[in-house]
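Notes for the structure review
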Amino acid sequence: MTRQKMAWKVGCAHPVKSITINWNREATLDREELAAFSPELYRLMTGKLVATASPDWSAILLYSEARWDVISEQLMALPNDNPDARKVQRRMIGYAHYFDATEPLTIEQPLSGFGGINSERDNCWLVCFDESSAELWSEANLLSIAEANAPEERCLIQFMRGEGGDHLGRTLDEILAFDDFWLEHTHDFVQWLFPIPEPSRSSPMAPVLTEEDRQRFKADGSLKRQQRKALDRMLAFYGLVRGDGVIEARRELNPRDHIWLKAGGHNHLRITRIIRSLHYCHQPELAKVAQQAFVNIGQTLGYVSQHSIGYWLRANE
């Protein structure tokens, strides 16, 4: 199956050329330049937005005001007795800076320094995920992670067996134990749970499924069981449950709490990947069951766009 992808598709990284740094080391970006990169970024950059610090990376997160309202509500609901939760709260809420639709996008210290933007000589990249979220990276920070953590091909099989970690050392079981908030806002794990033959455009450290890997999945039932365990966790995240050859909606499934039921978004790309990976990893019947569930439930209980439905229907070919 061959699909042409436009350069502006969600998950693309765009080089940022126009950055000015003043004497106070505040970085000002040209919103018009950023808006011209893609339709998604146009909608993000021409409205009210919030800049804050990533909880996981030395990068600056950019959210639409509406998306941030949801995230900040979830952040405030995190348990106060959990040290990791408090760390995320302090970083994301503490660094948050609001911008009106016409206000210059000036990233002040210490946020600009946190993102590695200290000089006009620093090359920067803007990674777009959807019309409500993007990440601003200094090239140095992005390359340091990629070079330090580039995975070897054999790491994928070790990871799936539970014998090794991903590019950050996280094991499969550790990833599956994270809560839904983490799953929603972390973008570099699903490529390990559901590998495909193409390199990830949003996570350069992600493994690529080779023909040798596929043959290992075909011959080793334990690998397929591990992937089914990962599927069950993602289904729970999406408000679904698998059993007796079908995937069904949980009673609490609704578009407000399960945003994959909306017209678009990065979870639609994840779902396409999940279906394709099951197919490539020699679980075509399960891929078909997942495909049918996402298509049917996405249309009957949500308002998933026909564009996304089309990708899901082609994902098991």
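Quick note: structure is the one above.
Residues numbered from 1 in each chain as written. Predicted model: local features only at pLDDT ≥ 70, side-chain atom pairs only at ≥ 80, totals over all residues. Heavy atoms only, no water.

1. Quick word on the overall build of the protein
We count it as follows: Labels follow the DSSP assignment, with helices taken as runs of H or I lasting at least four residues and strands as runs of E lasting at least two, numbered in each case from the N terminus. For this measure, only C-alpha atoms enter the radius of gyration; the expected value for a globule follows 2.2 Å times N^0.38, where N is the number of residues. Exposure is judged per residue with a 1.4 Å probe applied to protein chains only, and the accessible area is read against the type maximum: over 50% gives exposed, under 20% gives buried, and values in between give partly exposed. Contacts are assigned to residue pairs with any non-hydrogen atoms lying within 4.5 Å of each other. Note on areas: Shrake-Rupley, 1.4 Å probe, and residue coverage restricted to the protein chains presented here. Only four residue types enter the charge count: Lys and Arg as positive, Asp and Glu as negative, with His and the chain ends excluded. We put the charge of a Lys on NZ, of an Arg on CZ, of an Asp on CG and of a Glu on CD.
In terms of regular secondary structure, the protein is built from 15 helices and 11 strands. Computed over its C-alpha atoms, the radius of gyration of the protein comes to 20 Å, within 12% of the 20 Å expected for a compact globule of 317 residues. Taken over the C-alpha atoms alone, the protein extends approximately 60 × 45 × 40 Å along its principal axes. Looking at the protein residue by residue over its 317 residues, the buried ones come to 50%. Restricting the contact set of the protein to residue pairs at least 6 apart, pairs at least 24 apart contribute 63%. Counting every atom, the protein has about 15,200 Å² of accessible surface; 50% of that belongs to carbon and sulfur. Within the protein, one finds 36 positive and 43 negative side-chain charges whose respective centroids are separated by 5 Å.

2. Considering the sheet that holds strand β6 (residues 97-99)
Within a sheet, adjacent strands bond to each other through the backbone by hydrogen bonds, running parallel or antiparallel. Basically, it comes down to this: Paired strands are those between which DSSP finds at least two bridges. Axis lines are fitted through C-alpha atoms, for helices just across the contact stretch, and the angle between N-to-C directions can take any value from 0 to 180 degrees.
Taken in spatial order, the 6 strands line up as β1-β8-β9-β5-β4-β6 in an open sheet, and their pairing is antiparallel. The strands lining the two open edges of the sheet, one partner per strand, are β1 (13-16) and β6. Here the strands of the sheet are splayed against their neighbours by 25° on average, with no regard to which way each runs. In terms of strand pairing, strand β4 (residues 49-53) meets strand β5 (residues 60-64) through 5 bridges, oriented antiparallel. Bridging across to β5, Leu-49 finds its partner in Ser-64. Helix α3 (residues 65-76) rests against β4, β5, β6, β8 (124-130) and β9 (133-138) of the sheet, and its axis sits at about 110° to β5.

3. With respect to the sheet that holds strand β3 (residues 27-29)
In spatial order, the strands read β2-β3-β7; together these 3 strands make up an open sheet with antiparallel pairing. Two strands in the sheet have a free side with no partner beyond their single neighbour: β2 (19-21) and β7 (105-107). This sheet shows a mean twist of 25° between the axes of neighbouring strands, independent of strand direction. Pairing geometry for β2 and β3, over 3 bridges, is antiparallel.

4. Some points on unusual backbone geometry
The linkage connecting Gln-109 with the following residue, Pro-110, adopts the cis geometry, with an omega of 5°. Structurally, Pro-110 can be placed in the loop between β7 and α5 (111-114). If you check the backbone angles, His-282 has positive phi at about 60° while not being a glycine. By the secondary structure assignment, His-282 is in the loop between α13 (266-280) and α14 (284-300). Among the residues examined, His-282 registers a relative accessible area of 26% and is labelled partly exposed.

5. Examining the pairing of β1
The alternating pattern of β1 places His-14 and Val-16 on a buried face and Ala-13 and Pro-15 on a face that is not buried. Bridge count between β1 and β8: 4 bridges; the pairing is antiparallel. Within β8, the residue paired with Ala-13 across the bridge is Val-127.

6. Let's talk about helix α4 (residues 83-94)
To keep things clear, this is the line we draw: Here, expected helix span is obtained from the residue count minus one, scaled by 1.5 Å. Working note: the arc is built from the helix axis to C-beta atom directions.
Over its 12 residues, α4 extends 16 Å from the first C-alpha to the last, a length consistent with the 16 Å expected when each residue adds 1.5 Å. Among the residues making up α4, those that are buried are Ala-85, Gln-89 and Met-92. Along the long axis of α4, the arc covered by the buried residues comes to 90°, so they all point the same way. Opposite the packed face of α4, turned more than 90 degrees from it, sit the exposed residues Pro-83, Asp-84, Arg-90 and Gly-94. Packed against the buried residues of α4 are β4, β5 and α3.

7. Here's the deal with the pattern of salt bridges
Stated formally: The salt bridge criterion pairs a side-chain nitrogen of Lys or Arg with a carboxyl oxygen of Asp or Glu, the two atoms within 4 Å.
Counted under the stated rule, the structure contains 14 salt bridges. A salt bridge links Arg-67 to Glu-184; its shortest N-O distance comes to 3.3 Å. Within this pair, whereas Arg-67 is found in helix α3, its partner Glu-184 is found in helix α9 (residues 180-185), the two being separated by 117 residues in sequence. Overall, Arg-67 belongs to the buried group, its relative accessible area being 12%. With a relative accessible area of 9%, Glu-184 lands in the buried category. Among the charged side chains, a salt-bridge network with shared partners connects Arg-67, Asp-130 and Glu-184.

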